[in-house]
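Spelled out, the chains give:
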Amino acid sequence: MTAALAQPAERPITLLIVDDQEVVRSGYAALLGTYPDLQVVGTAADGAEAVELATQLKPDVVLMDIRMPVKDGIQATRDIAANPLLARTHVLVLTTFDLDEYAYDALAAGGSGFMLKDSEPDDLAAAIRVVASGETLIQPRVLTRLVEAFVAARPRMGGPAPGSQAAEALRALTDREREILVAVARGLSNDQIAAELFISPATVKTHLARIMAKADAHDRAQLVIFAYESGLVTR
């Protein structure tokens, strides 16, 4: 009787670490390298290098600092999110403050969430796994409070300009899609939206995919931002 062949291990989550301080980059690399399901494939000292390496390496997750020379983390995040070759690469923003306006801007640019730099190693590793799976890191209600805080602090624009991309995207939504987008902006999960609207969670997911396509949104975080900045949802 022959022994069964061992199943191959799942491919580790590949990481690109971006920070302008070498000690921070090496510290994260050493720390995250201790987790068997995580693999650091590169490090970058500024946003321009980050975009170049991300294009070459196509990591699953980029840990992105915000304040950097040459090109900041916001523009680097925007460049990565806009690159169709990096559709499977997700950006996890690292920030010093939990209500950092730059973190909001990074989410708007296409980041999938943010973590505090002083987070515990296990929490950071868990966050990387969440982002790598394609989910938005921030819990829905926390995300909503963050967006509300910074949308409220910015000058009101009276909704998108007629004929703008945002206005066209808003007009393209069906009534049901608007209902679901408002529910997302309120911080409801897919299951909660399904229960409130008397539809299945699978139907909610289908609608969300269509809304993201129409709004050119990278993930749930950008949907919430779109809902507020388009004027569909107000405080």
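See the structure printed just above.
Criteria and thresholds
- Residues numbered from 1 in each chain as written.
- Predicted model: local features only at pLDDT ≥ 70, side-chain atom pairs only at ≥ 80, totals over all residues.
- Heavy atoms only, no water.
- Helix = DSSP H or I, 4+ residues; strand = E, 2+ residues; numbered from the N terminus.
- Buried < 20%, exposed > 50% of the residue type's maximum accessible area, 1.4 Å probe, protein only.
- Contact = heavy atoms within 4.5 Å.
- Salt bridge = Lys/Arg side-chain N within 4 Å of Asp/Glu carboxyl O.
- Polar contact = N/O pair within 3.5 Å; in protein donor to acceptor, adjacent residues only side chain to side chain.

Peer 1: Would you mind going over the overall build of the protein chain with me for this structure?
Peer 2: Along the backbone of the protein chain there are eleven helices and five strands. Of all 235 residues assigned to the protein chain, the portion counted as buried reaches 44%. Across the protein chain, contacts joining residues at least 24 apart in sequence account for 67% of those joining residues at least 6 apart.

Peer 1: Sorry, what's going on with the pattern of salt bridges here?
Peer 2: It is possible for side chains of opposite charge to pair when their charged atoms get near one another. Under the criterion given, the structure shown has nine salt bridges. Close ionic contact of Arg11 with Asp60 constitutes a salt bridge, the shortest N to O distance being 3.0 Å. A residue pair is termed long-range when its members are at least 10 positions apart, and Arg11 in the segment before strand E1 (13-18) and Asp60 in the loop between helix H2 (47-57) and strand E3 (61-65) qualify at 49 residues. Residue Glu179 is joined to Arg176 by a salt bridge in which the shortest nitrogen-to-oxygen separation is 3.0 Å. Residue Glu179 and its partner Arg176 are located together in helix H8 (residues 175-185), separated by three residues, close to a single helical turn. Residue classification places Glu179 among the partly exposed positions, given a relative accessible area of 40%. The structure contains a network of salt bridges with shared partners spanning Asp19, Asp65 and Lys117.

Peer 1: Honestly, helix H11 (residues 220-229) in this entry has me stumped. Any pointers?
Peer 2: An α-helix turns once every 3.6 residues. As a result, residues three or four positions apart point the same way. Most of H11 is tucked away: nine of the ten residues are buried. Those residues of H11 that fall on the buried side of the exposure criterion are Arg220, Ala221, Gln222, Leu223, Val224, Ile225, Phe226, Ala227 and Tyr228. Downstream of H11 by a residue or two, Gly231 has a phi angle that is positive, lying close to 90 degrees.

Peer 1: Would you mind showing me how to read the environment of Arg25 here?
Peer 2: You can see Arg25 is positioned in helix H1 (residues 22-32). Placed 19 residues apart in sequence, Arg25 and Ala44 show a C-alpha to C-alpha distance of 8.0 Å. Residue contacts for Arg25: discarding those within four places in its chain leaves Ile17, Asp19, Asp20, Thr43, Ala44 and Ala45. One polar contact links the side chain of Arg25 to the main-chain carbonyl oxygen of Asp19, over a distance of 2.7 Å.

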